[in-house]
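# Coordinate analysis (summary)
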Amino acid sequence: QVGVTAQKTMRLLPASGRRATQKVVVGDQDGVITCFGIKKGEAVPVFKTLPGQKIARLELGGALNTLQEKIFVATGSEVRGFTKRGKQFLSFETNLTESIKAMHISGADLFVCASYIYNHYCDCKDQHYYLSGDKINDVLCLPVQKVNCIVPVLACQDRVLRVLQGSDLLYEVEVPGPPTVLALKSGNGGDSGEEIVYGTSDGKLGLTQITGTKPVPKCEVGNDKKRGGILCIDSFDILGDGVKELLVGRDDGTLEIYNFQSADDLVLQYDHALPESITSIQGGCVGKDGYDEILVCTYSGWLTGLTTEPVHREGGSGEELKLSQEMQSKISSLRNELEHLQMKVLQEREKYQQSSQSSTAISSVPAFNVNDKFTLNKDDASYSLILEVQTAIDNVLVQSDVPVDLLDVDKNSAVVSFSSCDSEPNSNFLLATYRCQANTTRLELKVRSIEGQYGTLQAYITPKIQPKTCQVHQYQIKPLSLHQRTHSIDHDRPMNTLMLKGQFSFAEIHSWIVFCLPEVPEKTPAGESITFYFQNTFLGTQLESTYRKGEGCFKSDNISTISILKDVLSKEATKRKINLNISYDINEESVRHTLKLIHPKLEYQQLLAKKVHLIDALRELQVHEGNVDFLLPKYRSILEEADQLLEEYKRQPAHLERLYGMITDLFIDKFKFKGTNVKSKVPLLLETLDGCDQEGLIAFFDAA
């Protein structure tokens, strides 16, 4: 184990000389680079550097067409180079104003990216520069030996791969999710050298060809099993069939091996679950000559190897005896090491107790790293909050000043308890405590928010360390929290329009949009105006927002979206003492259109609720009568599917109330724009909703 690691900070050095086993080099967030080999199952250190600034990336480099065995690390805004023996030969200050987040090396060319800035250096001399429209997560360059020119590719948070030529954008490649990692197919870009594999933060995997003029999508693998986001990718022939497989590491600890069934068809061959997120993955030969293995590095710094070596050896009793002696000596050495560590812990604890009770006592609060991720899931319109700590978590307290529902997560083994809270004086709507099982370092929670209600969700994280200490992390629930960025929208839908005019700058209106909607880059976009497209993940309605200095235009097929935007934007403008001239154009047809989108969901949830209410009565009948052949087929099918129905109902507890709330808001908003208050008619609407068909509901809206 090393310290806490960032994404893509572990590599295998190429095998050199007669020995075929490879050395491992890893950089951690303490700034330490550790290089070691494995001999008889034990780690043998080669070199270890002194601590420093945290290492964000570790890459191997060297002259083109030679062994890539020089080690390069990115720390802060500096790139350092080390030989395979640990001697530093390069210290290059890039002079970037932010820390380096991503790095790629190809011969004498160095590509580095901070949050929005891309820089290309050749022999440490500045060559090209590009300012991206959204955050850059990874960078890659197509192999110069194959394509004969430098083609950098940036993976950007706004679901786009940006292909550059010099300092200019050549074209953009739209991908199905925010890309977090890039890799060359088979490590060399495939036969053409132009094929790249990308992984997204919502767990999708894709292969695309980057030609000189346009992208050619090859294949895409969805995330049907609802696994974690992809953090690292490598290519290696682990199955020994002469074709390199794709090794994938995810942030929920899943390791996967994909096979190319044909040139463009990826099929999952094997998977393995680890308890924490996988930050780096490599294929090679580390532990024993002749046996390939997959080496992974996890968030808290554990390096784990999965080998192709058969564990149960064939052979006679002599072989077994030898194995057992080998194992026994290993077990005894581990026992000794454990006893030594326990003694050391006791001594240090006593020392701390004595020093804390002395007159000159200073209490030290232990620092710990938390890796967190708060993202919107398109499939079920909920937010996933993933918390990962380098030591075991004792408990997590979740508090919210806006109404949110906590949903069940299958992988979550923590015990949750809710506390009653006063929502009136201090607007406290949720207080829940998750008590974790022993050795839980990763916790996943799911929450669903209500659009139009915005505020802050707070997580108080307490790990199992002495003295007790806690970290608070805050997550913004935005007014239009269930909207997600999309590449395009359907312009044929009936749209409502909201127009704003006033004495505001481009930066001011952009900051209001950042406040209202998720997935909008914090930095004000380049140029004079910008258009963003969004889709509501719960209903499938859409929003188009176009704005510039002094004016903004927002179009949506959902009146409630326009109503929320109008309220929030006018409130933000009032805070800054800016006068807004607001005009709107309401399309009556859009209300029918939105109701047609909601009604199938409403019908399904009403039917599910009815079935769930019948289950207990039907089960009682089954117990009394012995068999259920006399029941109608529809009731028999409810009994047969009882477990699935209950599971589904439990997973989304307040789904029906949410739909009722949305229809009520739509009803109020429709008449609000006409200047009529219809709140007195809401009880009648709720009565109508029970067992009302789509046409009846539309008729009620029209008649009111």
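Residues numbered from 1 in each chain as written. Predicted model: local features only at pLDDT ≥ 70, side-chain atom pairs only at ≥ 80, totals over all residues. Heavy atoms only, no water.

## Details of the layout of surface pockets
Convention followed: Both cavities and pockets are sets of points on a 1 Å grid over the protein atoms alone; in a cavity a 1.4 Å probe fits but cannot get out, in a pocket the set is open with protein on both sides within 12 Å along at least five of seven lines, and lining residues sit with an atom within 4 Å of a point. Grid points are joined across faces, edges and corners, and a volume is the space filled by probe spheres set on the points. Comment: elements are numbered from the N terminus, with helices defined as DSSP H or I runs of at least four residues and strands as E runs of at least two. Throughout this entry, Asp, Glu, Lys and Arg are counted as charged residues, while Ala, Val, Leu, Ile, Met, Phe, Trp, Tyr, Cys and Pro are counted as nonpolar. The remaining residues, Gly among them, count as polar.
By volume, the second largest pocket is sized at about 1700 Å³. The greatest single-element share of the lining of the second largest pocket, amounting to eight residues, is contributed by helix α2 (residues 317-357). A class-by-class count of the residues in the lining of the second largest pocket yields 16 nonpolar, eleven polar and 15 charged.

## Concerning the pattern of salt bridges
Which entries qualify depends on this criterion: The rule for a salt bridge is simple: a side-chain nitrogen of Lys or Arg has to be within 4 Å of a carboxyl oxygen of Asp or Glu. Throughout, exposure labels follow a simple rule: accessible area from a 1.4 Å probe, protein chains only, divided by the maximum for the residue type, with under 20% read as buried, over 50% as exposed, and the rest as partly exposed.
Summed over all chains, the structure comprises 31 salt bridges. With its nearest N and O atoms 3.3 Å apart, the salt bridge here joins Glu588 to Lys674. Within this pair, whereas Glu588 is found in helix α5 (residues 588-625), its partner Lys674 is found in the loop between α8 (655-672) and α9 (682-689), the two being separated by 86 residues in sequence. The partly exposed category is assigned to Lys674, whose relative accessible area is 48%. A network of salt bridges, in which partner residues are shared, links Glu588, Arg592, Lys670, Lys674 and Asp702.

## Section: α9
Here is the rule we go by: Arc definition: directions from the helix axis to the C-beta atoms. In this analysis, two residues are considered to be in contact whenever any of their non-hydrogen atoms come within 4.5 Å of each other.
The complete set of buried residues in α9 reads Val682, Leu685 and Leu689. The arc that holds every buried residue of α9, seen down its axis, measures 55 degrees, which confines them to one face. Contacts from the buried residues of α9 go to α5, α8 and α10 (694-703).

## Digging into the nonpolar core
For clarity, the cut-off: To qualify as a nonpolar core, a set must consist of buried Ala, Val, Leu, Ile, Met, Phe, Trp, Tyr and Cys residues joined through side-chain atoms within 4.5 Å.
Core analysis: the biggest nonpolar cluster contains 80 residues, and Val396, Leu457, Phe554, Ile663 and Phe701 have the highest contact counts within it. Tallying contributions element by element places α8 first for this core, with eight residues. Residues contacting Phe701, with those up to four places away along its chain left out, are Val591, Leu595, Ile663, Leu666, Phe667, Lys670, Phe671 and Leu685. In terms of nonpolar packing, the next biggest core, distinct from the first, is built from 16 residues, Val151, Leu161, Val163 and Ile210 among them.

## Digging into the packing of aromatic side chains
Rules: Whether two aromatic rings pair depends on their centres lying within 6.5 Å, for rings of Phe, Tyr and Trp, where Trp uses its six-membered ring; planes under 30 degrees apart make the pair stacked, over 60 edge-to-face, and the rest tilted. Criterion for a charge above a ring: Arg CZ or Lys NZ at most 6 Å from the ring centre, at most 35 degrees from the ring normal.
Counted under the stated rule, the structure contains 14 aromatic pairs. With centroids separated by 5.1 Å and ring planes inclined at 40 degrees, the aromatic side chains of Phe374 and Tyr475 adopt a geometry described as tilted. Here Tyr475 lies in strand β36 (residues 471-477) and Phe374 lies in strand β28 (residues 370-377), a separation of 101 residues in the sequence. Side by side, Phe374 and Tyr475 carry an identical accessibility label, which is buried. Members of the aromatic cluster, each reached through a chain of ring pairs, are Phe506, Phe532, Phe534 and Tyr547. It is Lys70 that lies over the ring of Phe89; its NZ or CZ is 6.0 Å from the centre. Directly above the aromatic system of Tyr116 lies the positively charged group of Lys523, at a separation of 5.1 Å from the ring centroid.

## A few points about the domain arrangement of the protein chain
How big an interface is tends to be expressed through the accessible area that disappears when the partners come together. To be explicit about the condition: Where a domain begins and ends is set by an automatic assignment or by a domain database.
Taken domain by domain, the protein chain holds domain 1 (7-240), domain 2 (374-477), domain 3 (483-586) and domain 4 (589-703). Here the C-alpha centroids of domain 1 and domain 2 sit 33 Å apart.

## Digging into the sheet that holds strand β33 (residues 430-435)
Sheet strands line up and pair through hydrogen bonds in the backbone, either parallel or antiparallel. Applicable threshold: What makes two strands pair is DSSP finding at least two bridges between them. Helix axes are fitted to C-alpha atoms over the stretch in contact, other axes to C-alpha atoms as well, and angles between N-to-C directions run from 0 to 180 degrees.
Taken in spatial order, the five strands line up as β32-β33-β30-β35-β36 in an open sheet, and their pairing is antiparallel. Looking along the sheet, the strands with just one partner apiece sit at the ends: β32 (415-418) and β36. Direction aside, the axes of adjacent strands within the sheet are offset by 20 degrees on average. Examined bridge by bridge, strand β30 (residues 393-400) and β33 share six bridges and lie antiparallel to one another. Looking at β33, one finds that Asn395 is bridged to Arg435.

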